[in-house]
Amino acid sequence: MDAFSLQRADDIDAAIAAAQQPGAAFIGGGTNLLDLMKGGVAHPLKLIDITRIAALGNIETLPDGGLRIGALVRNSDAANHALVRTRYPLLTQALLAGASPQLRNMATVGGNLMQRTRCAYFYDTAFAQCNKRAPGSGCAAREGFNRMHAILGASAQCVAVNPSDMSVALAALDATVQVRGPRSARAIPIAQFHRLPADRPDQDTTLAPGELITSVDLPPPAFSDHTHYLKLRDRASYAFALVSAAVALQLDGQRVRAARIALGGVAHKPWRASRAEQHLAGHTLDAATLRSAAAAELAQAQPLSGNTFKVELAQRAIVRATMLAAGSPVTHISGINGTSGTGERA
Ligand code: SF4
């Protein structure tokens, strides 16, 4: 780990002022940044400890009926807050699917948004080729071990995926990220907060240098009654998603009035499944409709040598999570890509 200086900030203005120099970085829970520093991947010259800023640690109702979750709220506290559990159960489910209890007790909501995309070649400096860590060096994953990597929205430069469960739920819930910079504050819709890699895979978000996340705002709850977060992974806990699906529905009986669906583990950012949503809106939830909605979303998939299985897995995740959100028993899901199987396999 390289040498760095540490400055503690007592309020938001002091934190932002301290961050206006090259090489400065904010630190909250530190559950990702410290790993990156110890591994020689991140080299901040100065850390600004924001954990003493009380104004960033609140959960409060907004005048429009929405909910503001401060950037320093711990993941476990956000998941278990009464207003989150009752009004945004999708967020609670996603938060509790992430990491381990110890990490959730330490990690913050703002830090969860800022965690870097996951790729073994990025985290291991023994590999010279990684456009995210060393721009212009190439991408070892494209022709290497890419089972965990992207099937949607990738570029020739990078095929890494965003690892956050929380952010997938926030994408489905149309959250807004509130940030403060040295001159002004701005609100960034969650869909515009994380980036696809394009030709700048070194940039995971649209946050400008020196800007501080102050809160995540949720709109008034309109999708509380029918939600489900489904995380498919290699082991039951403490594993990143191969594919995840966050689904929130408004139903008239079995007819879908509106659907919000986002996928995790498939792209450089949480992937809003707009095509699937459009296919479901106004239709009765039956197997054929669900399968065609999932197929429409994944028609744009471009799998790599090691993750073709994710194309079908993502479709099954959409189907299963939507059925569970609707309260339908998941007994048999077949016909996706001409294959058959049970929901249990997904
Ligand atoms: Fe680096 Fe992205 Fe390629 Fe992984 S996928 S090696 S993070 S450029």
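Analysis parameters
- Residues numbered from 1 in each chain as written.
- Predicted model: local features only at pLDDT ≥ 70, side-chain atom pairs only at ≥ 80, totals over all residues.
- Heavy atoms only, no water.
- Near = heavy atom within 4 Å.
- 1 Å grid on protein atoms, 1.4 Å probe; cavity = no way out; pocket = protein on both sides within 12 Å on 5 of 7 lines; lining within 4 Å.
- Sits in = over half its atoms within 2 Å of the grid points.
- Nonpolar A, V, L, I, M, F, W, Y, C, P; charged D, E, K, R; others polar.
- Phe/Tyr/Trp six-rings, centres within 6.5 Å; stacked < 30°, edge-to-face > 60°.
- Buried < 20%, exposed > 50% of the residue type's maximum accessible area, 1.4 Å probe, protein only.
- Pairing = 2+ DSSP bridges.
- Helix = DSSP H or I, 4+ residues; strand = E, 2+ residues; numbered from the N terminus.
- Axes fitted to C-alpha atoms, helices over the stretch in contact; angles between N-to-C directions.
- Core = buried A, V, L, I, M, F, W, Y, C linked by side-chain atoms within 4.5 Å.
- Contact = heavy atoms within 4.5 Å.
- Domains from an automatic or database assignment.
- UniProt positions renumbered as here; feature names shortened; annotations may be inferred.
- Salt bridge = Lys/Arg side-chain N within 4 Å of Asp/Glu carboxyl O.
- pLDDT = per-residue confidence, 0-100.

In the nomenclature of an unreviewed UniProt entry, the protein is known as Xanthine dehydrogenase family protein subunit M of Paraburkholderia sacchari.

Draft legend 1. Here's a closer look at the site of the ligand. Taken together, 13 residues are adjacent to the ligand, and Cys119, Cys130, Cys139, Cys158 and Val159 come closest. With respect to the pocket detection grid, the ligand is positioned in the largest cavity. Grouping the amino acids of the shell around the ligand by side-chain chemistry returns ten nonpolar, two polar and one charged.

Draft legend 2. Fine view of the packing of aromatic side chains. Taken as a whole and assessed by the stated rule, the structure comprises two aromatic pairs. With a centroid separation of 4.8 Å and 85° between ring planes, the pair formed by Tyr121 and Phe127 is classed as edge-to-face. According to the relative accessible area criterion, Tyr121 is buried, its value standing at 12%. Measuring from centroid to centroid gives 5.2 Å for Phe122 and Tyr123, while their planes differ by 90°, and the two rings are edge-to-face. Across the pair, Tyr123 and Phe122 agree in class, each one buried.

Draft legend 3. Expanded view of the sheet that holds strand β1 (residues 5-8). Taken in spatial order, the three strands line up as β1-β3-β2 in an open sheet, and their pairing is parallel. The sheet terminates laterally at β1 and β2 (24-27), the two strands that pair on one side only. Strand-to-strand, the axes of this sheet are offset by a mean angle of 25°, without reference to chain direction. The pairing of β2 with strand β3 (residues 46-49) spans four bridges and is parallel. Residue pairing for β3: Ala24 is matched across the bridge by Lys46.

Draft legend 4. Highlighting the sheet that holds strand β7 (residues 185-189). Across the sheet, five strands lie side by side as β4-β5-β8-β6-β7; this open sheet has antiparallel pairing. The open sheet terminates on both sides in strands that have one partner only, identified here as β4 (59-61) and β7. Across this sheet, the average inter-strand angle for adjacent strands is 25°, counted without regard to direction. Strand direction decides the pairing type here: strand β6 (residues 176-180) and β7, joined by five bridges, are antiparallel. Along β7, the bridge assignment pairs Val179 with Arg186.

Draft legend 5. Up close: the nonpolar core. With 38 residues, the main nonpolar core has Ile69, Leu91, Leu113, Leu170 and Leu218 as its most contacted residues. Looking at this core element by element, the count peaks at six residues for helix α9 (residues 166-172). For Leu218, the residues in contact, after removing those within four places along its chain, are Leu62, Gly66, Leu67, Ile69, Tyr88, Leu91, Leu170, Leu173 and Ala175. Counting residues in hydrophobic clusters, the runner-up holds 36 residues, among them Leu249, Ala276, Leu285 and Leu298.

Draft legend 6. Summary view of the domain arrangement of the protein. Partitioning the protein into domains gives domain 1 (1-52) and domain 2 (226-338). Each of domain 1 and domain 2 has a C-alpha centre, and these two points are 38 Å apart.

Draft legend 7. Seen up close, the UniProt feature "domain: FAD-binding PCMH-type" (unreviewed entry) in the protein. Within this structure's numbering, the places UniProt gives as "domain: FAD-binding PCMH-type" (unreviewed entry) are residues 1-223. Each end of residues 1-223 is marked by a C-alpha atom, and these two atoms are 45 Å apart; helix forms 27% of the span and strand 16%.

Draft legend 8. Spotlight on the pattern of salt bridges. What the rule picks out here adds up to 15 salt bridges. Among the salt bridges present, the one from Asp202 reaches Arg200, with a minimum N-O distance of 2.7 Å. For Arg200, a relative accessible area of 36% gives the class partly exposed. A salt bridge links Arg316 to Glu312; its shortest N-O distance comes to 2.7 Å. Placement of the pair is Arg316 and Glu312 together in helix α13 (residues 309-326), with a separation of four residues, close to one helical turn. One salt-bridge network, held together by shared partners, links Asp174, Arg260, Arg272 and Glu277.

Draft legend 9. Expanded view of the confidence of the model for the protein. Within the protein, residue pLDDT values average 95, and 95% of them lie at 70 or more. Scored below 50 in pLDDT, residues 335-346 shows 33 contacts in the model against residues more than four places distant or in partner chains.

Draft legend 10. Focus on helix α5 (residues 89-97). Taken across its nine residues, α5 has seven buried, putting it largely inside the fold. Within α5, burial applies to Pro89, Leu90, Leu91, Thr92, Ala94, Leu95 and Ala97. Backbone geometry just downstream of α5 places Ala99 in the positive-phi region, at approximately 50°.

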